[in-house]
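# Results of the structural survey
Residues per chain, in single letters:
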Amino acid sequence: MKKLLMLTFLFLLSGCNLRTLDPVSETASDQAFLIKLGFWIMMVVVGVVTILFVAFTLKYRETDKNRYDIPKHEEGNRTLEIIWTVLPIILLVCLAIPTVIITYQASNISANPEETVHVNVTGEQFKWTFEYENGKKTHEKLVLPVNRDVIFHLKSKDVIHSFWVPRLAGKKDVIPGTVNKLEVVPNKTGTYQGKCAEFCGILHADMRFTTEVVSQQDFEEWLSSKKK
Ligand SMILES: [Cu+2]
């Protein structure tokens, strides 16, 4: 039964190429760390609550002996109250500190004009346009050099879209009238899926693209080639 369930999930997920927990940039690694940290803190809470729930259900269940007992009236318990106030605070602090640090790091655009690759990303119903500094434009394919700072300048022509290449970084909204920036340093060559992650109309699901991370040399060659 377990195997069947696993196979079913495997089958259902096999069409899913948007892997968040398989990062290929530091930004995505940091974000995956936050997801895992939050998940495990939550699992500890779920575990403790489940154990207490089962233990109390068994311990205080109705039996023939205690059926007509009247429970003792408790006026509060300072020790317990302090424990269940302080523990969640500690857990939230453990979650908050790395979250704040990583969020600020991720939004810190450290533009080094010499080395940074700037890409203008325009979202519109229902396609993406990627424009490089030399004027080269593409639609379905985003090509990036490995181990180099890339800054996306995100603009929208119509409604709100969301630029998402899960293995490179979390979602970033693409909002009309403003330019949002997203910085990543891809650290592994390969082809990664990207898509619009904000429902933007009837063909929203078609706003997919592939991101090819290639070597510096291949990138320069591709960038200077005339073919689109
Ligand atoms: Cu969209």
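On a predicted model such as this, the values are computed, not experimentally measured, just so you know. (Residues numbered from 1 in each chain as written. Predicted model: local features only at pLDDT ≥ 70, side-chain atom pairs only at ≥ 80, totals over all residues. Heavy atoms only, no water.)

## Focus: the side chain of His204
Among the secondary structure elements, His204 is positioned in the loop between strand S9 (190-196) and strand S10 (208-214). Look past the residues within four positions of His204 in its chain and what remains in contact with it is Phe126, Lys195, Cys196, Ala197, Glu198 and Phe199. (Helix = DSSP H or I, 4+ residues; strand = E, 2+ residues; numbered from the N terminus. Contact = heavy atoms within 4.5 Å.)

## Notes on the layout of surface pockets
Here the largest pocket defines a volume of roughly 480 Å³. Secondary structure elements with two or more residues in the lining of the largest pocket: helix H2 (26-59) and helix H3 (78-106). (1 Å grid on protein atoms, 1.4 Å probe; cavity = no way out; pocket = protein on both sides within 12 Å on 5 of 7 lines; lining within 4 Å. Points joined across faces, edges and corners; volume = space filled by probe spheres on them.)

## Let's talk about the packing of aromatic side chains
Counted according to the given criterion, the structure contains 10 aromatic pairs. Among the aromatic side chains, those forming a connected cluster through ring pairs are Trp128, Phe130, Phe152, Phe163 and Phe209. Sitting over the face of the ring of Trp164, Lys171 holds its NZ or CZ atom 4.7 Å from the ring centroid. (Phe/Tyr/Trp six-rings, centres within 6.5 Å; stacked < 30°, edge-to-face > 60°. Lys NZ or Arg CZ within 6 Å of the ring centre and 35° of its normal.)

## Let's talk about the sheet that holds strand S5 (residues 150-156)
Read across the sheet, 5 strands follow the order S3-S2-S1-S5-S8 without closing on themselves; strand pairing throughout is mixed. Here the strands that pair on one side only, and so sit at the sheet edges, are strand S3 (137-138) and strand S8 (180-184). (Pairing = 2+ DSSP bridges.)

## Brief notes about empty space enclosed by the protein
Tallying each qualifying case throughout the model produces 1 cavity of 30 Å³ or more. One number sums up the size of the largest cavity: a volume of about 30 Å³. Forming the walls of the largest cavity are Phe152, Phe163, Trp164, Val165, Leu168, Ala169, Gly170, Leu182 and Val184. For the lining of the largest cavity, the secondary-structure elements that each account for two or more residues are strand S6 (161-164) and S8.

## Some words on the confidence of the model for the chain
For the chain, the average pLDDT comes to 89, and 93% of its residues sit at 70 or higher. Per-element confidence in the chain is highest for S6, whose mean pLDDT is 95, and lowest for helix H1 (residues 2-13), whose mean pLDDT is 75. (pLDDT = per-residue confidence, 0-100.)

## Notes on the coordination of the copper ion
Each protein donor to the copper ion is listed here as His161 (ND1), Cys196 (SG), Cys200 (SG) and Met207 (SD); together their distances run 2.1 to 2.6 Å. Considering all 4 donor atoms around the copper ion, the spread of angles at the metal, 93 to 129 degrees, places the coordination shape in the tetrahedral class. Spacing between the donor residues of the copper ion along their common chain follows H-x34-C-x3-C-x6-M. Linking Cys196 in strand S9 with Met207 in the loop between S9 and S10, this pair joins segments that are 11 residues apart in sequence. Judged by relative accessible area, Cys196 falls into the buried class, the value being 0%. By relative accessible area, Met207 is classed as buried at 1%. (Donors = N, O, S within 2.8 Å, 3.2 Å for Na, K, Ca; no water. Tetrahedral: all angles 85-135°; square planar, octahedral: opposite > 155°, others 65-115°. Buried < 20%, exposed > 50% of the residue type's maximum accessible area, 1.4 Å probe, protein only.)

## Section: the pattern of salt bridges
According to the stated counting rule, one finds 8 salt bridges in the structure shown. In this structure, Glu74 engages Lys72 in a salt bridge whose closest nitrogen and oxygen atoms are separated by 3.7 Å. Look at Lys72 and you get exposed, because its relative accessible area is 69%. For Arg148, the salt bridge identified is with Glu220, shortest N-O distance 3.1 Å. Residue Arg148 is found in the loop between strand S4 (141-145) and S5, and its partner Glu220 is found in helix H4 (residues 216-224); the two are separated by 72 residues along the sequence. Residue Glu220 is classed as partly exposed on the basis of its relative accessible area of 38%. Here the residues in one salt-bridge network are Arg19, Asp22 and Arg167, joined through shared partners. (Salt bridge = Lys/Arg side-chain N within 4 Å of Asp/Glu carboxyl O.)

## Focus on the packing of H2 against H3
Running from N to C, H2 and H3 point in directions that differ by 170 degrees, and their axes come no closer than 10 Å. It follows that H2 is roughly antiparallel to H3 by the angle criterion. Packed against H2, whose contacting residues are Thr27, Asp30, Phe33, Leu34, Leu37, Gly38, Ile41 and Val45, the element H3 presents Leu91, Cys94, Leu95, Pro98, Thr99, Ile102, Gln105 and Ala106 at the interface. A per-class count over the contact of H2 with H3 returns 11 nonpolar, 4 polar and 1 charged. (Axes fitted to C-alpha atoms, helices over the stretch in contact; angles between N-to-C directions. Parallel < 35°, antiparallel > 145°, perpendicular 65-115°, else oblique. Nonpolar A, V, L, I, M, F, W, Y, C, P; charged D, E, K, R; others polar.)

## Remarks on the sheet that holds S4
Pairing is mixed in the open sheet, where 5 strands are placed in the order S4-S10-S9-S6-S7. Looking along the sheet, the strands with just one partner apiece sit at the ends: S4 and strand S7 (172-174). Neighbour-to-neighbour, the strand axes of this sheet turn through a mean angle of 25 degrees, independent of strand direction. Judged from the 6 bridges that link them, S9 and S10 form a sheet pairing that is antiparallel. If you follow Tyr192 over to S10, its bridge partner there is Thr211. Each of S4 and S10 touches H4; the most contacted strand, S4, lies at about 135 degrees to it.

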